[in-house]
Amino acid sequence: MEISRFLLGLCAFLYLYRSVSTESTCKLKAKFNLSGYKDVDKKKVVIGGMFPVHMRIASSDRNTSRVPVSSGCEGFNLRTFRWTQTMLFAINEINERQDLLPNTDLGYVIYDSCFTISKAVEGTLTYLTGQDEAVPNYRCGTGAPLAALVGAGGSDLSIATARILGLYHFPQVSYSSTCSALESKFQFPTFLRTIPNDKHQSTAMAQLVIHFGWTWVGTIAADDDYGKYGIKAFKEQVEEAGVCISFSETLPKVSSPEVIQRIAKTVVEATAKIIVVFSSDVDLSPLILELLRHNVTNRTWIASEAWVTSALINQPGVNSVLGGTLGFGVKRADIPGLLRHLLDLDPYDNLLTEEFWETLFNCTLDYGKAMSRAKQSVKEVNGSLSRVVRGVPGGLCTGSESLAQLNNTYSDVSQLRITYSVYKAVYAVGNALHNLEHCEDGQGPFVGKSCADITKFEPWQLMYYLKNVRFKVPHTGEEIYFEGGDVEGAYDIINWQVNSNGEISYVTVGRYNGSAAPEDRMTIMNDSIVWNNDVLEPPRSVCSENCQPGSRKGIRQGEPVCCFDCIPCADGEISNSTNARACILCSYQEWSNEAHDTCVPKIIEFLAFGEPLGITLIAISVFGALVTIAVGVVFAVHIGTPLVKANDPLLSFSLLFSLVVTFLSSIVFLGEPQHWSCMTSQVALALGFSLCLSSIMGKTAVLMLRAQTLKAARNKAKAAAKAAKLAAAEAAEAAANNVSPDVIVTSTFTNSDANTCADPEVDRITCAHQRAIAAVATLIQVVACTVWLIILPPHPFENTSAQDIKIILECDEGSVIFICGVFGYDILLALLAFIFAFIARKLEDHFSEAKYVTFSMLVFFIVWISFVPAYLSTRGKFMVAVQIFAILASSFGLLTCIFLPKCYIILVKPEHNREEMMKPRAKPRDGTATGTSASLATTATQVAATAIED
């Protein structure tokens, strides 16, 4: 007994101590100013709701000299008020049903968040506490348990409330918070929503932009999580696809005319014709009004679901700015009975309803306010209050005004999208409560397979049923279930079209389903879209026009990648696609066409036999060879004549043979180069000229020595003439009895002595020497050419560098050293022949062979000196033509200069082809004498006789 008394006393003491301690430490810091709907009496379960019925909180004076008061709200929103009434309608509908929660009446507590985070937090704390004085961590109210919160409107508001509700594992089902950040179950474990996640909408917007080929877009986002996360996801996806952002602006949450004007100026000056907007209608509305003042047209707006069907944006006159807008709207549905519920409002039922009524009809339901306004009006008119206001004051609502007669956003049920989402959210909570209530003991989901009691369940228990709920929405049949707290991402693609009345109508032109395969997600009817321009084609929005095939994109320094210059592909390069980043180099056998969009085979060029130039050269070559053969025949027929026998006929025939070889070797240069033709042409030409020039050098060597001998004889004759003047008698006697030792005696050729080419008393070298010189000189060339063919022979070669569009088939000499050595040797032979002939140019009188050889060598050098620059300045087959012309010209020059005079004498002037015609003429005044090699002895004798007579 004593122990009991002691315990009772201790408990009393502790109670008193606790009371004193609580009074001394607990203090209420604030009392919230909230408005809304509340019906909890005699209800078994209460559902919370939060709607942004007002657009903003009323401004306060920020005075800190007195106790701060929670701000009120202003800017009544008819659209969101319809959402609020939809929740009330859905709860009433559930309460009337017998198949859903038949034994449970649902109550509600609905607060106005004023589209402001602070008000949303106030409402959340008040809802959890159960009374106006918020006491964190305490449920101070009594009565029905709280089920879940439907709300809280925008994504920012839901993020704030979800962080608080998540601490207590309290379910939240949102109807319009789409921000992708809310999908994190780590941060928001009890958040669910009946509206698609914005990650689907961002993807849908990106695919829409890509679908129409827009690469230059502007973006505008609200300064909240909804706008920031949505536009960020959109940018990431379009930039991966090569789309560039022209400008990116952020709408202020607090009214700022300066910022709005700056954004409007950006839109006006921007070259982007497509503008993507992630914002609520409340935040976007000031910008639209500013754009109307600037008369901004010819822009296509891409709207997010938050404003695509908003009446706040769709005001009279906006069609010039927003006509042709494309946007994404959540699923639409018709809700039978909702319109009647919306129209059957009691204006005196609630403060929010009263404000709605007064806003809608521009009157007041308060008689006192009406009287005050009437008196103020009379005072303003009369200047005094002498006139008594009698009867019903003006501006007083009767309460019987007809909502049905008004055509406004509140009663417009043609586009129930967010409204439908509210309807689904309430039914999701109702079905979860139904499943909780009808749990069978022993089959429950909790510890020991227990069930929760619907009269006193915990929030986390309802959360289990909400996450696993699956039901079909009444009237529509849509199946709802949550996967990670989200529903499937399905949207209608809506086009703003101006109807016959000049009003904007919302026309569905496509669908998007984020759950489908990537290629099947978007279906859009392009022909059904009306654009905000004068043409039927989609607008173009690019920083730079597409680079057509044949050019490539050249990035402008310091500008986005979508801003570029189109640089034509260089010769030999192509691009066969639009907006190619680089040109493709054609293979070495191909070249770019004129448009630089296709590689075409290069022209194969060589000097063919069948083309006119080739035929002409062949004809000339054959003609030259035939003429040379004809000359040889003439010489063979007249081989016994003095002119032919003079200076070794065999060398003349070898010279003619070599000319035939050079003429015919030019033909081998024609046609497509082959291994055999490359070797044959070069070697035949080198050997032909070598034999030709060696023969000429052998001839001129004899002529040069004869000229030197004649010069020595003349000098001796002059000396003898001087001596005779001093001793005429002795000289005469010596001349009569003896042959002067200074006189050279020669013998003339006879027709029977055909094999004799020189007199051993006159010539220091014989025909054998001449032939040996020619043979050795030619043999040296043969050895050089043989070594050339063995070590580095000429071979066919495809020259792709000389001309870009052609492949020139030519012969590669194999070795520059060898070809320079071989033809340099021929030049050396020609130079020696020229020197020998030049020295002997005055040897003969009647027929000066040395003169003709000298002239032929001059022609030979002139031809090849002219050939070098001509050869170097030409390309392709004309190089071969120039080379052949040089061969033919030099061959014709040698043939003509050396053999034409002889043939002329043999055929036309045969009388000159006699020994008598070879005798010298009279001595010129200067004392010099010329003569033929055949009459050299006679000339010397006459010189001595003349000296004696003198």
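Note: the structure precedes this text.
Residues numbered from 1 in each chain as written. Predicted model: local features only at pLDDT ≥ 70, side-chain atom pairs only at ≥ 80, totals over all residues. Heavy atoms only, no water.

Observations concerning the sheet that holds strand β9 (residues 216–222)
The strands making up a sheet are joined through hydrogen bonds of the backbone, oriented either antiparallel or parallel. Read from one edge of the open sheet, 8 strands run β10-β9-β11-β12-β13-β16-β17-β18, paired in mixed fashion. At either margin of the open sheet sits one strand with a lone partner, and together these are β10 (244–251) and β18 (522–524). Within this sheet the neighbouring strands show an average axis-to-axis angle of 25°, counted without direction. As judged from the 4 bridges shared by strand β11 (residues 274–278) and strand β12 (residues 300–303), these two strands associate in the parallel manner. Bridged to Val 277 within β12 is Ala 303. Lying on the sheet, helix α7 (residues 257–269) is in contact with β9, β10, β11 and β12; it crosses β10 at an angle near 160°. Against the sheet, helix α8 (residues 281–294) contacts β9, β10, β11 and β12, and its axis sits at roughly 110° relative to β10. (Pairing = 2+ DSSP bridges. Helix = DSSP H or I, 4+ residues; strand = E, 2+ residues; numbered from the N terminus. Axes fitted to C-alpha atoms, helices over the stretch in contact; angles between N-to-C directions. Contact = heavy atoms within 4.5 Å.)

Thoughts on the pattern of salt bridges
Inspection of the entire model under this criterion finds 25 salt bridges. Across the salt bridge formed by Arg 193 and Asp 486, the nearest N and O atoms sit 2.6 Å from each other. A residue pair is termed long-range when its members are at least 10 positions apart, and Arg 193 in strand β8 (residues 191–193) and Asp 486 in the loop between β15 (479–481) and β16 (490–498) qualify at 293 residues. Taking the relative accessible area as the measure of exposure, Asp 486 reaches 10% and is therefore buried. One salt bridge connects Lys 331 with Glu 478, and the closest N-O pair in it is separated by 3.5 Å. (Salt bridge = Lys/Arg side-chain N within 4 Å of Asp/Glu carboxyl O. Buried < 20%, exposed > 50% of the residue type's maximum accessible area, 1.4 Å probe, protein only.)

Section: the state of the cysteines
Taken as a whole and assessed by the stated rule, the structure comprises 9 disulfides. Here Cys 244 is linked by a disulfide to Cys 562, with a sulfur-sulfur distance of 2.1 Å. The sign of the S-S torsion, about 85°, decides the handedness of the disulfide formed by Cys 244 and Cys 562: right-handed. In this pair, Cys 244 sits in strand β10 while Cys 562 sits in the loop between β19 (551–555) and β20 (564–568), placing the two residues 318 residues apart along the sequence. Across the pair, Cys 562 and Cys 244 agree in class, each one buried. A sulfur-sulfur distance of 2.0 Å marks the disulfide that ties Cys 569 to Cys 583. On the S-S bond that ties Cys 569 to Cys 583, the torsion sits near -85°, and the link is left-handed. Highlighted residues: Cys 569 in the loop between β20 and β21 (573–574) and Cys 583 in the loop between β21 and β22 (584–585), separated in sequence by 14 residues. For the pair Cys 569 and Cys 583, a shared accessibility class is recorded, and that class is buried. (Disulfide = S-S within 2.5 Å.)

Structural notes on the packing of helix α20 (residues 767–791) against helix α21 (residues 816–839)
Contact geometry of α20 with α21 gives a least axis separation of 10 Å together with a crossing angle of 170°. The orientation of α20 relative to α21 falls into the category roughly antiparallel. Residues Val 776, Ala 777, Ile 780, Gln 781, Ala 784, Cys 785, Val 787, Trp 788 and Ile 791 of α20 lie in contact with α21, whose contacting residues are Phe 818, Ile 819, Val 822, Tyr 825, Asp 826 and Leu 829. When grouped by side-chain class, the residues that make up the contact of α20 with α21 number 13 nonpolar, 1 polar and 1 charged. (Parallel < 35°, antiparallel > 145°, perpendicular 65-115°, else oblique. Nonpolar A, V, L, I, M, F, W, Y, C, P; charged D, E, K, R; others polar.)

Here's the deal with the nonpolar core
Formed by 102 residues in total, the largest nonpolar core has its most connected members in Leu 326 and Phe 328. The element best represented in this core is helix α13 (residues 418–437), accounting for 12 residues. The contacts of Leu 326, once residues within four sequence positions are left out, are Leu 208, Phe 212, Trp 214, Trp 301, Ile 302, Ala 303, Ile 493, Ile 494, Asn 495, Val 509, Ile 529 and Trp 531. Residues Ile 696, Ala 777, Ala 833 and Phe 899 belong to the second largest nonpolar core, which totals 48 residues. (Core = buried A, V, L, I, M, F, W, Y, C linked by side-chain atoms within 4.5 Å.)

Notes on the packing of α7 against α8
With their axes 9 Å apart at the nearest point, α7 and α8 run at an angle of 55° to one another. One element, α7, and the other, α8, form an angle in the oblique class. For the crossing formed where α7 meets α8, the hand is right-handed. Here Ile 260, Gln 261, Ile 263, Ala 264, Val 267 and Val 268 of α7 lie close against α8, whose contacting residues are Pro 286, Leu 287, Glu 290, Leu 291 and His 294. (Left-handed = near helix turned anticlockwise from the far one by under 90°.)

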